[in-house]
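# Overview (structure and organization)
Residue-level listing of the chains:
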Amino acid sequence: MKKQFKLLSIILVAAIMTAALAGCAERNRAPQVDEQDLTKDTSVLVVYFTWSGHLDSMAHWIADETGGDILRVLAKNEYPESYNDTADRAKKEKDDGVRPEITVSLTAEQMAKYDTVFIGFPVWWYDLPMPMWTFLESVDLSGKTVNIFFSHEGTSDGGSALATIKTLAKGATVNTDNALSIRGSKVKNSEEDVREWVKELGYSK
Ligand SMILES: Cc1cc2nc3c(=O)[nH]c(=O)nc-3n(C[C@H](O)[C@H](O)[C@H](O)COP(=O)(O)O)c2cc1C
């Protein structure tokens, strides 16, 4: 019985990763450039990670709709341009519990500006990409509201990512019931949906 379950899990993982690969076949790694504006008169921060750019689009729509600041989390050691190499490295980092060094850090003073943090990421290996673990462990989110948006190629419930954020964002009110999930291939036509989600949450400026 146990063996059968293991086999089933392997088949399932293989199927989802094939779908994910197919979804990414025509895409490349987005430019690995810093993206941040922490200067607005706002209590909202939009922080995100992206490899092929979907989350970049979603994060900018949300920042525009909320009037919030924006911050992209980047790994110091860039992920490879090749999807397969990135998938391999990400898998190893997750299996080994690695916290990759990131290029951004926010001081407690900078964080004090925000009441609400929107956290965005692509699902990586059914969880949060490890650079976002690094980020979430580097800031104090207690007392803040956290809203979640993500993209995927099949893991539409985010896998373990929402539970991970809840664990890492200690003392925050994590809004897991209203997380925004959009399939990667649908992101480019989803601006209205993303803005509508922000409006429904009550954060439209
Ligand atoms: C390393 C890696 C692992 C991934 N793992 C999953 C996964 O477990 N489940 C899934 O549905 N999609 C997975 N994907 C697909 C991405 O979540 C999806 O393509 C997403 O839209 C990418 O967002 P981005 O363009 O902001 O990087 C994975 C992609 C990469 C690069």
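Presented here is a report on the structure given in the accompanying data block.

Basis of the calculations
- Residues numbered from 1 in each chain as written.
- Predicted model: local features only at pLDDT ≥ 70, side-chain atom pairs only at ≥ 80, totals over all residues.
- Heavy atoms only, no water.
- Helix = DSSP H or I, 4+ residues; strand = E, 2+ residues; numbered from the N terminus.
- Buried < 20%, exposed > 50% of the residue type's maximum accessible area, 1.4 Å probe, protein only.
- Contact = heavy atoms within 4.5 Å.
- Core = buried A, V, L, I, M, F, W, Y, C linked by side-chain atoms within 4.5 Å.
- Pairing = 2+ DSSP bridges.
- Axes fitted to C-alpha atoms, helices over the stretch in contact; angles between N-to-C directions.
- Polar contact = N/O pair within 3.5 Å; in protein donor to acceptor, adjacent residues only side chain to side chain.
- Near = heavy atom within 4 Å.
- Areas by Shrake-Rupley, 256 points an atom, 1.4 Å probe, with all protein chains shown as cover.

### Thoughts on the environment of Leu162
Checked against the element boundaries, Leu162 lands in helix H6 (residues 161-168). By relative accessible area, which is 13% here, Leu162 ends up buried. Each C-alpha atom of the pair Leu162 and Asn175 lies 9.2 Å from the other, and the pair is 13 residues apart in sequence. If we ignore the near neighbours within four places in the chain, the residues touching Leu162 are Phe121, Ile148, Phe150, Asp157, Thr176 and Ala179.

### Examining the nonpolar core
Ranked by size, the top nonpolar core spans 40 residues in total, and within it Leu45, Ile119, Phe121, Leu128, Phe135, Leu141 and Ile165 carry the most contacts. Sorting the residues of this core by element identifies strand E2 (44-48), helix H3 (83-96), strand E4 (116-122), helix H5 (130-138), strand E5 (145-152) and H6 as the ones contributing at least two each. Looking at which element gives the most residues to this core, the answer is H5, with 5 residues. Those residues in contact with Leu45, other than ones at most four positions away along the chain, are Leu38, Asp69, Ile70, Leu71, Leu106, Met111, Tyr114, Thr116, Val117 and Phe118. One finds Tyr48, Ile182, Val187 and Val198 within the second-largest nonpolar core, a separate group that totals 18 residues.

### So, the sheet that holds strand E6 (residues 173-183)
A sheet is described by the order of its strands in space; here 6 strands give the open sequence E1-E3-E2-E4-E5-E6, paired in mixed fashion. Every other strand in the sheet has two partners, leaving strand E1 (36-37) and E6 as the edge strands with one partner each. Where E1 and strand E3 (residues 69-72) come together, 2 bridges link them in antiparallel fashion. When the sheet's bridge partners are listed, Gln36 is paired in E3 with Leu71. Strand contacts of H6: E4, E5 and E6, with the helix running at about 150° to E6, the strand carrying the most contacts. In the packing of helix H7 (residues 191-201) onto the sheet, the strands contacted are E4, E5 and E6, and the crossing angle to E6 comes to about 165°.

### A closer look at the side chain of Asn175
Assignment of secondary structure puts Asn175 in strand E6. Asn175 gets classed as buried once you look at its relative accessible area, which sits at 19%. A distance of 3.1 Å separates polar atoms of two side chains, one belonging to Asn175 and the other to Asn178. Ignoring sequence-local partners within four residues, the contact set of Asn175 consists of Val146, Asn147 and Leu201.

### Concerning the site of the ligand
Around the ligand lies a shell of 25 residues, among which Thr50, Ser52, His54, Ser151 and Thr155 are the nearest. Val123 is positioned such that a nitrogen or oxygen atom in its backbone is 2.8 Å from an oxygen atom of the ligand. Within the side chain of Thr155, an N or O atom sits 2.6 Å from a nitrogen atom of the ligand. Considered on its own, the ligand offers 650 Å² of accessible surface; in the complex 99% of this is hidden by protein.

These figures come from the coordinates and say nothing about function on their own.
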